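Tertiary structure, described
Given next are the chains, with one letter for each unit.
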Amino acid sequence: MAEHHHLRRLTRLVRERSPHALVMWLRAGIELWGSLTSPLRMRPSFIIVGAQRAGTTTLYRVLSEHPEVARPTVSKGIGYFDVKYARGPRWYRGHFPLAWRARRKHGPGAATFESSGYYVFHPLAAERIARDLPDVRVVLLVRDPVERAYSAYKHELARGFETESFEVALGLEEERLAGEVERMVADPGYQSFHHRHHGYLARGRYIEQLERLVKALGEDRVYVVDAGAFFENPGAEFERLRSWLGLARWRPGKVEQWNARPSSPMPPELEQRLRAHFEPYDARLADHMGRTPSWRASARQD
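Starting afresh in each chain, residues are numbered from 1 along the sequence in its written order. Per-residue local features of the predicted model are confined to residues with pLDDT of at least 70, and side-chain atom pairs are confined, for both listing and counting, to 80 or more; whole-chain, interface and lining totals are unaffected and use all residues. Side-chain measures here rest on the full set of heavy atoms in the structure, leaving out hydrogens and waters.

Across its full length, the chain holds 15 helices and 5 strands. Looking at the chain as a whole, 50% of its 302 residues qualify as buried. Pairs of residues are marked as contacts when any of their non-hydrogen atoms sit within 4.5 Å. For the chain, the proportion of contacts with a sequence separation of at least 24, taken over those separated by at least 6, is 76%. Areas reported as accessible are Shrake-Rupley estimates using a 1.4 Å probe. Residue values count occlusion only from the protein chains shown. Counting only carbon and sulfur atoms, one obtains 53% of the accessible surface of the chain, whose full area is about 15600 Å². Numbering of helices and strands runs from the N terminus, with a helix taken as a DSSP run of H or I at least four residues long and a strand as a DSSP run of E at least two residues long. Under the scheme applied here, a residue whose accessible area is under 20% of the maximum for its type counts as buried, over 50% as exposed, and between as partly exposed, the area being computed with a 1.4 Å probe on protein chains only.

The subject of this paragraph is the pattern of salt bridges. Oppositely charged side chains are able to pair whenever their charged atoms sit close together. Any carboxyl oxygen of Asp or Glu within 4 Å of a side-chain nitrogen of Lys or Arg constitutes a salt bridge here. Enumeration over the complete set of coordinates arrives at 14 salt bridges. Notably, a salt bridge pairs E147 with R143, separated by 3.8 Å at the nearest N-O pair. A relative accessible area of 43% means that E147 is categorised as partly exposed. The salt bridge partner of R273 is E167, with a shortest N-O separation of 3.3 Å.

To continue, consider the packing of helix α11 (residues 206-217) against helix α14 (residues 268-289). Axis angles are defined between N-to-C directions and span 0 to 180 degrees, where every axis is a line fitted to C-alpha atoms and, for a helix, only to the segment in contact. Direction vectors running N to C along α11 and α14 enclose 40°, while the axes themselves pass 8 Å from each other. Relative to α14, the element α11 lies oblique. Contacts from Y206, I207, E208, L210, E211 and V214 of α11 reach α14 at Y281, R284, L285 and H288. Gly counts as polar in this scheme, as do all residues outside two lists: the nonpolar Ala, Val, Leu, Ile, Met, Phe, Trp, Tyr, Cys and Pro, and the charged Asp, Glu, Lys and Arg. Grouping the amino acids of the contact of α11 with α14 by side-chain chemistry returns 6 nonpolar, 1 polar and 3 charged. Each angle is binned into one of four classes, with values under 35 degrees roughly parallel, values over 145 roughly antiparallel, values of 65 to 115 roughly perpendicular, and all other values oblique.

Further remarks concern the packing of aromatic side chains. Between 30 and 60 degrees the pair is tilted, below 30 it is stacked and above 60 it is edge-to-face, where a pair is any two Phe, Tyr or Trp rings, Trp via its six-membered ring, whose centres lie within 6.5 Å. Enumeration according to the criterion identifies 18 aromatic pairs in this entry. When the centroid spacing of 5.0 Å and the interplanar angle of 45° are considered together, the rings of Y80 and Y85 count as tilted. Considered together, Y80 and Y85 belong to a single accessibility category, that of buried residues. Taken together, Y80, F81, Y85, W91, Y92, F96 and Y119 form an aromatic cluster joined through their ring pairs. Directly above the ring of W244 sits R137, whose terminal nitrogen or CZ lies 4.7 Å from the centroid. Lysine and arginine charges are scored as sitting over a ring when NZ or CZ, respectively, is within 6 Å of the ring centre and within 35 degrees of the ring normal.

Glancing now at a nonpolar patch on the surface. A cluster of nonpolar side chains, contributed by L32, W33 and L36, occupies part of the molecular surface with about 360 Å² of accessible area. Mapped onto the elements of the fold, W33 is located in helix α2 (residues 20-36). Patches here: salt-bridge-free residues with over 30% relative accessible area, like charges joined within 9 Å, nonpolar side chains (Val, Leu, Ile, Met, Phe, Trp, Tyr) joined within 5 Å.

Attention shifts here to the sheet that holds strand β2 (residues 69-70). At least two DSSP bridges between two strands are required for those strands to pair. The sheet built from 5 strands is open, its strands ordered β2-β3-β1-β4-β5 with parallel pairing. Single-partner strands in this sheet number two, and they are β2 and β5 (222-226). Both strand β1 (residues 46-50) and strand β3 (residues 111-115) contribute to a ladder of 3 bridges, which runs parallel. Counted as the bridge partner of I47 is E114 from β3. In this fold α11 packs onto β1, β4 (137-142) and β5, with an angle of close to 155° to the strand it touches most, β5.

Time to look at the pairing of β1. Note on strand geometry: in a regular strand, side chains alternate between the two faces of the sheet. For β1, a buried count of 5 out of 5 residues is recorded, marking the element as mostly surrounded by other parts of the structure. Relative to β4, β1 runs parallel, the two sharing 4 bridges. Among the inter-strand pairings, I47 is bridged to a residue of β4, identified as V138.

Along the chain, T56 falls in helix α3 (residues 56-64). Setting aside anything within four residues of it in sequence, one finds T56 in contact with I48, G50, A51, K76, S115 and L141.

In this section: helix α8 (residues 166-177). Multiplying one less than the number of residues by 1.5 Å gives the expected span of a helix. The terminal C-alpha atoms of α8 lie 16 Å apart, and with 12 residues this matches the ideal 16 Å at 1.5 Å per residue to within 8%. All of the buried residues along α8 are F166, A169, L170, E173, R176 and L177. Down the axis of α8, the buried side of the element spans an arc of 120°, and every buried residue falls inside it. Set apart from the buried face of α8 by more than 90 degrees, the exposed residues are G171, E174 and E175. G179 sits one or two positions beyond α8 and adopts a positive phi of about 75°. The directions from the helix axis to the C-beta atoms are what the arc is built from.

None of this, on its own, says anything about what the molecule does.
This is the structure in structure tokens:
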């Protein structure tokens, strides 16, 4: 565990203090080596496919600490099945650990994985995953979609991908996303800026994305984690996920929430309008999950 922390700290220091050109050169060299040695590398046993701003970084870090789990070699999110699919399977597999080394370090039951939050929302990713990785399992985190939308907005604003106010951006969403999915399906090489960065409401309609995953992969290969329940009781929720993934028994230590963006609350009337928008989608999600999502359960108690 300490070794992982030191490695992350070293990687961050190199990324922060080295010239951008040097970082890109080093990354290109690592990717080339990975591609050349791809037949010797592991395939992912599972993938965290999203949702964006729903706790994927936290779950990635928790799973990375499991003694049987080997992390990807470069970064948590590879982005292959959405925007980098043209680079090919050798490039993708090159991001995972060498099989012999992983088994020596993590044991004969060693597993590896990645976490790319755009996979679940991209219209082609589920079919690509099913075709290329017929045995892989996928994990989807769902979070209060109102909070997720606001968090995503702040995230895109901080990155310079959004310039409007939250309410204006919500009003523009339908226009921004109009026809983008159809164009992405018709031209698999097309990358939609609006679809990737401005789907504040659409990304929170989890049931639509979940049904696409189930259709492509089968219900037995898709697991839904309620982020609210996970952060409320991480031990119990992680134990269910661990068992489903087939990993050895292990309990994480303290679970910290990563990448949170604190800010002032949204106006109450806007929050009420958004909750009304998501209500029918949340009801369908509850039917699929077999339990009421944590954000709806807490609202009933209030």
